[in-house]
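The primary structure of each chain is shown beneath.
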Amino acid sequence: MEIGRVVGTVVSTIKSSGLNSYKLLIVTPLAFGEGPAAAQGAAQAAKDYVAIDLVGAGEGEVVLVTTGSAARVLDATDVPTDAAIIAVVDTIQIGSRNAYSKA
């Protein structure tokens, strides 16, 4: 799983029937942590990707995304996807530091 921010939407009038009931959102990976990679903004070098929305996330929200085979078995239907948004994040706590708060 990874944490990302919803930065946009994808509209598709023709798609696989398994995707018909899902919004497609563009997600940018985020880095929360300590060390050189986080300090240098490693998340900004990461590539945006499209994920199906299982929870009703909106643009600008920080979300938890599952990828790979785990994203394909979240629903009882056969949904062809490599990434699925499974939660909207309210807070991220790293040690005693509040790394993110939705409010």
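Residues numbered from 1 in each chain as written. Predicted model: local features only at pLDDT ≥ 70, side-chain atom pairs only at ≥ 80, totals over all residues. Heavy atoms only, no water.

1. Remarks on the pairing of strand β6 (residues 91–94)
Across four bridges, the pairing between β6 and strand β7 (residues 97–101) is antiparallel. Across the sheet, the residue bridging to isoleucine 94 is arginine 97, located in β7. (Pairing = 2+ DSSP bridges. Helix = DSSP H or I, 4+ residues; strand = E, 2+ residues; numbered from the N terminus.)

2. Topic: the pattern of salt bridges
This model, assessed by the stated rule, comprises two salt bridges. Across the pair aspartate 53 and lysine 23 runs a salt bridge whose closest N-O atoms are separated by 3.3 Å. In this pair, aspartate 53 is assigned in strand β3 (residues 49–53) and lysine 23 in strand β2 (residues 23–29), connecting sequence segments 30 residues apart. Accessibility expressed as a relative area gives 7% for aspartate 53, which makes it buried. A relative accessible area of 43% places lysine 23 in the partly exposed class. Note that glutamate 61 and lysine 102 form a salt bridge whose closest N and O atoms lie 3.1 Å from each other. Taken together, the residues span a long stretch of sequence, with glutamate 61 in the loop between β3 and β4 (62–67) and lysine 102 in the segment after β7 at a distance of 41 residues. (Salt bridge = Lys/Arg side-chain N within 4 Å of Asp/Glu carboxyl O. Buried < 20%, exposed > 50% of the residue type's maximum accessible area, 1.4 Å probe, protein only.)

3. Overview of the sheet that holds strand β5 (residues 83–88)
Taking strand neighbours around the barrel as the criterion, the five strands line up as β1-β2-β3-β5-β4 in a closed arrangement whose pairing is mixed. Each strand of the sheet is rotated relative to its neighbour by a mean of 55°, with strand direction disregarded. Bridge analysis of β3 against β5 gives two bridges, and the strand direction is parallel. Among the inter-strand pairings, aspartate 53 is bridged to a residue of β5, identified as isoleucine 85. (Axes fitted to C-alpha atoms, helices over the stretch in contact; angles between N-to-C directions.)

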